[in-house]
Amino acid sequence: MSKTQAVSFSKTGGPEVFEFVDIDLPPPSSGEVQIRHAAIGLNFIDVYFRTGLYKAPHLPFVTGKEAAGTVTVVGPGVTDFAVGDRVAYAGSDGAYSVERNIETKHLVKVPDGISLETAAAMMLKGMTAEYLLRRTFKVGPETVLLFHAAAGGVGQIAGQWAKALGATVVGTAGSDEKVKIALDHGYDHVINYKTENFLDRVREITGGKGVDVVYDSIGRDTFPQSLDCLKRLGMFVSFGQSSGPIEDFSLAMLAQRGSLFATRPTLFSYIATAEELKDCANALFAVVLSNKVRININQTYPLREVGRAHADLESRRTTGTTLLIP
Ligand SMILES: NC(=O)c1ccc[n+]([C@@H]2O[C@H](COP(=O)([O-])OP(=O)(O)OC[C@H]3O[C@@H](n4cnc5c(N)ncnc54)[C@H](OP(=O)(O)O)[C@@H]3O)[C@@H](O)[C@H]2O)c1
């Protein structure tokens, strides 16, 4: 059996729990291919697994859900992928590795015109923007929306995509520098929520009406003000918890604020079938190839320095997307 290298953790905790280790790499099983990663995407969900907010299925655990690379070995029964194919995925644990086996149901082929680095940076965040803006709530020219963490990985992609759909796009960001970045990525109005009360500013921007939909990945720190930003019958989309989970949500809060809707979506339920994955990825490839959405890789770290990458993401030092290079 051959060996490869990966980053794993044997106990949950801070960035120091990561270890760069040798692991076995068996030949791919039926329905799998072996790939060599060119680049690995860093996502906030990786932090949730490392800290234990999301439970790792076993320990030691190789986390990471997003990467791109080249097929090096094809397992038994695989007919739709060949050695040399450029592929990417979002949603299969084990991305923090140099090489790996993966079931082909997770993979998409990366089209010409998109580099493997860009693919690794955008699959999870970009497909998230796709389902949030086109399926969780159908954003169009009449929509006024609020998107928190506008200068972040998902935030930059979502701002550009929402603008391309014709919406009025309001964002929040945690510094004046990030406000400028967000204004350059589709946002019509950006609020520095460290120095301004974002609820007051949303009311001012919308002439007191409120927004149709709030996309909230911050969780604890923006709750319940995010609900108060909504119009009657508006939609609260709670899709992350970068500041910690919301603990005191009750259905009555929706009634009191005008029969609001609320959902807690995850990408993985929106790309659960092969057809959904293909449609979602193709929509993302189309907006990137047509330059409606630019993917900014603003931080790159060697895979073995993933602890530093996590510390930077958690302390709000990153903007746009971040890659780990094996
Ligand atoms: N449900 C899904 O399907 C799905 C899929 C992908 C991502 N997500 C969620 O979307 C969010 C964005 O993910 P990402 O990978 O693109 O990360 P990111 O937005 O690049 O980074 C998180 C950002 O959140 C903001 N933030 C506010 N309070 C924070 C705090 N206390 N600690 C850390 N960050 C804080 C920071 O921006 P400011 O400094 O500007 O506030 C920070 O840069 C995450 O919550 C993630 O879990 C959900």
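Residues numbered from 1 in each chain as written. Predicted model: local features only at pLDDT ≥ 70, side-chain atom pairs only at ≥ 80, totals over all residues. Heavy atoms only, no water.

Asker: Go over the overall build of the chain, please, and point to the residues and values.
Answerer: A count of helices and strands for the chain gives 10 helices and 15 strands. Its C-alpha radius of gyration of 20 Å places the chain within 12% of the 20 Å reference for a compact globule of 326 residues. Reported as C-alpha extents along the three principal axes, the dimensions of the chain are approximately 65 × 40 × 35 Å. Counting the 326 residues in the chain, one finds 55% classified as buried. Contacts spanning at least 24 positions in sequence make up 68% of the contacts within the chain whose residues lie at least 6 apart. As presented, the chain carries roughly 13800 Å² of accessible surface, and 51% of it is formed by carbon and sulfur atoms. (Helix = DSSP H or I, 4+ residues; strand = E, 2+ residues; numbered from the N terminus. Rg over C-alpha atoms; globule rule 2.2 N^0.38 Å. Buried < 20%, exposed > 50% of the residue type's maximum accessible area, 1.4 Å probe, protein only. Contact = heavy atoms within 4.5 Å. Areas by Shrake-Rupley, 256 points an atom, 1.4 Å probe, with all protein chains shown as cover.)

Asker: Describe the site of the ligand, with residues and values.
Answerer: Near the ligand you find 28 residues, and of these Tyr 48, Tyr 131, Lys 178, Tyr 193 and Leu 267 are the closest. Between the ligand and Tyr 48 there is a distance of 2.7 Å, counted from an oxygen atom to a side-chain nitrogen or oxygen. One nitrogen or oxygen atom from the side chain of Tyr 193 is found 2.4 Å from an oxygen atom belonging to the ligand. If the ligand stood free it would expose 900 Å²; the protein chains cover 92% of that surface. Among the elements of the structure, α1 (44-51), α2 (116-136), α3 (153-164) and α10 (306-314) are those that each provide at least two residues to the shell around the ligand. The leading source of residues in the shell around the ligand is α2, at 3 residues. Residues belonging to the shell around the ligand are distributed by class as follows: 13 nonpolar, 11 polar and 4 charged. (Near = heavy atom within 4 Å. Polar contact = N/O pair within 3.5 Å; in protein donor to acceptor, adjacent residues only side chain to side chain. Nonpolar A, V, L, I, M, F, W, Y, C, P; charged D, E, K, R; others polar.)

Asker: So what about the domain arrangement of the chain? Which residues, and what values?
Answerer: In terms of domain boundaries, the chain breaks down into domain 1 (2-123 + 274-325) and domain 2 (141-264). Each of domain 1 and domain 2 was reduced to a C-alpha centroid, and the two centroids are 28 Å apart. Here domain 1 meets domain 2 over a buried area of about 1500 Å², counting both sides, of which 53% is carbon and sulfur. Considering only the side of domain 1, the residues that lose the most area to domain 2 are Arg 294, Arg 316 and Thr 319, jointly responsible for 33% of the buried surface there. Remark: the boundary between domain 1 and domain 2 carries 0 salt bridges. Joining domain 1 to domain 2, the criterion identifies 10 residue pairs in polar contact (both at pLDDT 80 or more). (Domains from an automatic or database assignment. Buried area = accessible area lost by both parts, 1.4 Å probe. Salt bridge = Lys/Arg side-chain N within 4 Å of Asp/Glu carboxyl O.)

Asker: Give a description of the packing of aromatic side chains that names residues and reports values.
Answerer: Going through the model one piece at a time under the given rule, you end up with 12 aromatic pairs. Measuring from centroid to centroid gives 5.8 Å for Phe 49 and Phe 61, while their planes differ by 40°, and the two rings are tilted. Of this pair, Phe 49 sits in helix α1 while Phe 61 sits in the loop between α1 and β4 (66-74); the two residues are 12 residues apart in sequence, bridging distant segments of the chain. According to the relative accessible area criterion, Phe 49 is buried, its value standing at 9%. Every member of this aromatic cluster is reached through a ring pair, and the members are Phe 9, Phe 18, Phe 44, Tyr 48, Phe 49, Tyr 54, Phe 61 and Tyr 96. One residue, Lys 65, lies across the ring of Phe 268, its end atom 5.0 Å from the ring centre. When the ring centre of Phe 81 is taken as origin, the NZ or CZ atom of Lys 109, which lies over that ring, is 5.1 Å away. (Phe/Tyr/Trp six-rings, centres within 6.5 Å; stacked < 30°, edge-to-face > 60°. Lys NZ or Arg CZ within 6 Å of the ring centre and 35° of its normal.)

Asker: Got a sec to walk through unusual backbone geometry? Specific residues and values, please.
Answerer: One can expect most non-glycine residues to show negative phi and most peptide bonds to be in trans. A cis geometry characterises the amide bond from Leu 59 onward to Pro 60, with omega recorded as -5°. If you trace the backbone, Pro 60 turns up in the loop between α1 and β4. In this structure, the amide linkage connecting Phe 223 to the following residue, Pro 224, adopts the cis form with an omega of 5°. Tracing the backbone shows Pro 224 in the loop between β11 (211-216) and α6 (225-228). In the Ramachandran plot, Ala 149 falls in the positive-phi region, its phi being about 55° despite a non-glycine side chain.

Asker: Hey, could you go over the packing of α1 against α10 for me, with residue numbers and the actual values?
Answerer: The angle between the axes and the distance between the axes are what describe a pair of packed helices. Direction vectors running N to C along α1 and α10 enclose 110°, while the axes themselves pass 10 Å from each other. Here α1 is positioned roughly perpendicular relative to α10, judged by the angle of their axes. Packed against α1, whose contacting residues are Phe 44, Asp 46, Val 47, Arg 50 and Thr 51, the element α10 presents His 310, Leu 313 and Glu 314 at the interface. Split into classes, the residues belonging to the contact of α1 with α10 amount to 3 nonpolar, 2 polar and 3 charged. (Axes fitted to C-alpha atoms, helices over the stretch in contact; angles between N-to-C directions. Parallel < 35°, antiparallel > 145°, perpendicular 65-115°, else oblique.)

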